[in-house]
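Residues per chain, in single letters:
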Amino acid sequence: MATTCPSNFDVTKLRERVSSVYTRVARDPGGDFHFHRGAEYAIRLLGYDPTELEGVPERAKARFAGVGNPLAIGPIAPGETVLDHACGAGMDLLLAARRSGPAGKAIGVDATPAMTECAAASAREARLESRVEIRDGSFEELPVDDASIDVVISNGVLNLAPDKRRVLREVFRVLRPGGRLYLADVVVQRELSLAARSNPELWAACVGGALPEPELTTLSADAGLLEGRIHARFRSFADTSAETKVSRDLEIGAVNFFARKPF
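Here is a short report on the structure shown in this document. (Residues numbered from 1 in each chain as written. Predicted model: local features only at pLDDT ≥ 70, side-chain atom pairs only at ≥ 80, totals over all residues. Heavy atoms only, no water.)

### Quick notes on the packing of aromatic side chains
The geometry of an aromatic ring pair is captured by the separation of the ring centres together with the interplanar angle, meaning the angle of the planes. The tally for this structure, following the rule as stated, stands at five aromatic pairs. Here Tyr41 and Phe64 contribute two aromatic rings whose centre-to-centre distance is 6.2 Å and whose plane-to-plane angle is 35 degrees, an arrangement assigned as tilted. Here Phe64 lies in the loop between helix H4 (58-62) and strand E1 (81-85) and Tyr41 lies in helix H2 (residues 39-46), a separation of 23 residues in the sequence. (Phe/Tyr/Trp six-rings, centres within 6.5 Å; stacked < 30°, edge-to-face > 60°. Helix = DSSP H or I, 4+ residues; strand = E, 2+ residues; numbered from the N terminus.)

This is the structure:
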């Protein structure tokens with residue numbers, strides 16, 4: 001299973017590379033990257049509703065680099081508390097805040113300061129700052145209380161984790177009993193080569209750390225989550241340089257995945 005990075009992998013170098021890539025996205029979203037970005041991509045390949053995106057500030061939309069559509073997995077009820085697990089510039093976070101309404105709360109956690117600055121600015125521009133909270137932190141140690149979250153949304157994040165079991169245990173910890181995980185993440189149809197999995201550049205592009213699809217269900221169950229299942233599949237890397245760097249005959253895509261914490 002590809003639950004952790006290779007034994008000789010430099011995790012510090014990986015974190016630095018990931019931070020560098022997403023700082024560049026925050027500063028220049030139109031730059032040259034191995035992955036798609038922006039609202040047009042989200043609508044065309046991931047099925048986001050263009051009408052719903054109209055009220056989201058351009059700052060957040062231009063820097064969107066998700067791989068699926070976690071908010072399409074299930075509802076967010078008015079008054080619920082949502083955690084956006086590595087929120088980036090905040091597009092999904094702001095959509096979630098709208099759905100949870102004035103009585104709800106949307107918490108965004110991210111480890112890249114340039115991205116959290118964008119998310120906070122976008123929340124102010126959208127006049128949602130009263131129900132959006134941005135926190136600096138990592139997915140291995142979420143700055144969130146135990147059993148305090150109704151829904152965790154995650155978009156293109158788990159693949160970046162050197163230790164995916166630890167990340168899913170953190171998701172389990174912060175969810176309330178019965179709380180849901182709406183996760184979108186990169187998957188491959190068979191295990192990546194050791195060379196690909198050892199390449200920090202491909203990890204930062206959301207490819208090098210991708211799991212074979214069946215492992216998502218296995219890992220979520222190991223973390224204590226129930227009802228793990230795939231909801232949809234996406235060709236998130238169609239016509240990108242990441243697709244050609246791994247292998248022309250190895251299918252890289254993404255899925256929407258649902259699981260929940262027991263009551």
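Read on for the rest.
### So, the environment of Ile230
Along the polypeptide, Ile230 turns up in strand E7 (residues 226-234). Here Ile230 falls in the partly exposed class, since its relative accessible area comes to 26%. Sequence separation between Ile230 and Phe258 is 28 residues; the distance between their C-alpha atoms is 6.5 Å. If sequence neighbours within four positions are ignored, Ile230 has contacts with Glu213, Leu216, Val255, Asn256 and Phe257. (Buried < 20%, exposed > 50% of the residue type's maximum accessible area, 1.4 Å probe, protein only. Contact = heavy atoms within 4.5 Å.)

### Describing the pattern of salt bridges
Summed over all chains, the structure comprises 15 salt bridges. For Glu125, the salt bridge is made with Arg59, and the minimal N-O distance between the two is 2.9 Å. Here the residue Glu125 occupies a position in helix H6 (residues 113-125), and Arg59 occupies one in helix H4, the gap between them amounting to 66 residues. The class for Arg59 is partly exposed, based on a relative accessible area of 31%. Among the charged side chains, a network of salt bridges with common partners joins Lys105, Glu133 and Arg135. (Salt bridge = Lys/Arg side-chain N within 4 Å of Asp/Glu carboxyl O.)

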